[in-house]
Amino acid sequence: MSTLVINDLHVSVETDQGTKHILKGVDLTLEQGSIHAIMGPNGSGKSTLAYTIAGHPKYHVESGSVKLDGEEVLDMSVDARARAGIFLAMQYPVEIPGVTVSNFLRTAKTAIDGEAPALRPWLKEIRGSMEALRMDKTFAERNVNEGFSGGEKKRHEILQLELLKPRFAVLDETDSGLDVDALKIVSEGVNRAKANTGLGVLLITHYTRILRYIHPDFVHVFVDGRVAEEGGPELADRLENEGYDRYLTGTSVG
Ligand SMILES: Nc1ncnc2c1ncn2[C@@H]1O[C@H](COP(=O)(O)OP(=O)(O)OP(=O)(O)O)[C@@H](O)[C@H]1O
Ligand SMILES: [Mg+2]
């Protein structure tokens, strides 16, 4: 079983106002087959953590490590990370004009597996996954995310997850902007991926409603660039009731 171990991770970004330190010592261990929810206030660094794991060039790692089965992920190129089985569903998925969903998925699958998938079973698999996610088949011939509604973009992220079969998925607010039916459909997609491939999930969210469908094994409270507390699913309910005030008292200014 694979593990992803984040150890004392410090990350900054260069801004017009100078260097901004965002992650201030993140410690987190994910096991394949388990679901970890991360909840925390706006601007606490959750997306920065997601981007850093995936290898976004804007985020500068000052110190610390991210190890996948003992191997340093931070030394890998972005595509090597994807081949190693790390997947990121972005909070704001980007449009790729001129590239159809169908071409995009096949290219991604080929790059990750090192060989092109056999055509017939692949087309069947795409059709099956799209049906399960209630995506109309016309989406296959549309350009990636171009003109997609918020919810359609999120379903497309989960379609990738199902087809690319990563070992670890970071889902950055995949639940935001989903209507109740879509929330259920997307959650079922994540649960299917977990059941079929033993996926490990880092689920970044603001709302406990998705946790009714995707049951977390652990909940981590993320505040001011680090994990402030960890617990079981009951912690999510407490956060929903009490907010983050109790964690913020030591860090607030004024
Ligand atoms: N590229 C960047 N340039 C400047 N500041 C940045 C950049 N990326 C992140 N930040 C800043 O770092 C902080 C953390 O941002 P991040 O997006 O990681 O927060 P978050 O926890 O995901 O918030 P939210 O819950 O609103 O999605 C914010 O103050 C943000 O403005
Ligand atoms: Mg974010």
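Given the structure is predicted, the values throughout are model-derived calculations rather than measurements.

Here we look at the site of ligand 1
Thinking step 1. Close to ligand 1 lie 17 residues; Gly43, Lys46, Ser47, Thr48 and His206 are nearest.
Thinking step 2. The contact in question runs from an oxygen atom of ligand 1 to an N or O atom on the side chain of Gln91, over 3.1 Å.
Thinking step 3. Note that an oxygen atom of ligand 1 is positioned 2.8 Å from one of the side-chain N or O atoms of His206.
Thinking step 4. Here ligand 1 has 630 Å² of accessible area as a free molecule, and 70% of this is covered by the chains.
Thinking step 5. Those elements giving two or more residues to the shell around ligand 1 turn out to be strand 1 (3–15), strand 2 (18–31) and helix 1 (46–54).
Thinking step 6. Counting residues per element, the shell around ligand 1 draws most heavily on helix 1, at three residues.
Thinking step 7. Residue composition of the shell around ligand 1, by class: four nonpolar, nine polar and four charged.

Here's the deal with the side chain of His156
Thinking step 1. In this fold, His156 is placed in helix 5 (residues 150–164).
Thinking step 2. Setting aside anything within four residues of it in sequence, one finds His156 in contact with Val101, Phe104, Met135, Val144, Asn145 and Phe148.

Examining the coordination of the magnesium ion (ligand 2)
Thinking step 1. At 2.0 to 2.2 Å from the magnesium ion (ligand 2) lie its protein donor atoms, namely Ser47 (OG) and Gln91 (OE1). You can see Ser47 sitting in helix 1 and its partner Gln91 sitting in the loop between strand 6 (86–89) and strand 7 (96–100), a full 44 residues away along the chain.
Thinking step 2. We classify Gln91 as buried; its relative accessible area is 16%.

Some remarks on the packing of helix 4 (residues 119–132) against helix 5
Thinking step 1. For the pair helix 4 and helix 5, interaxial distance at closest approach is 10 Å and the crossing angle is 140°. Here helix 5 runs oblique to helix 4, going by the angle between their axes. For the pair helix 4 and helix 5, the crossing hand works out as right-handed. Two secondary-structure elements touch here, helix 4 through Trp122, Glu125, Ile126, Ser129 and Met130 and helix 5 through Leu159, Glu162 and Leu163.
Thinking step 2. Of the residues assigned to the contact of helix 4 with helix 5, the class counts are five nonpolar, one polar and two charged.

Analysis parameters
Residues numbered from 1 in each chain as written. Chains lettered and ligands numbered in written order. Predicted model: local features only at pLDDT ≥ 70, side-chain atom pairs only at ≥ 80, totals over all residues. Heavy atoms only, no water. Near = heavy atom within 4 Å. Polar contact = N/O pair within 3.5 Å; in protein donor to acceptor, adjacent residues only side chain to side chain. Areas by Shrake-Rupley, 256 points an atom, 1.4 Å probe, with all protein chains shown as cover. Helix = DSSP H or I, 4+ residues; strand = E, 2+ residues; numbered from the N terminus. Nonpolar A, V, L, I, M, F, W, Y, C, P; charged D, E, K, R; others polar. Contact = heavy atoms within 4.5 Å. Donors = N, O, S within 2.8 Å, 3.2 Å for Na, K, Ca; no water. Buried < 20%, exposed > 50% of the residue type's maximum accessible area, 1.4 Å probe, protein only. Axes fitted to C-alpha atoms, helices over the stretch in contact; angles between N-to-C directions. Parallel < 35°, antiparallel > 145°, perpendicular 65-115°, else oblique. Left-handed = near helix turned anticlockwise from the far one by under 90°.

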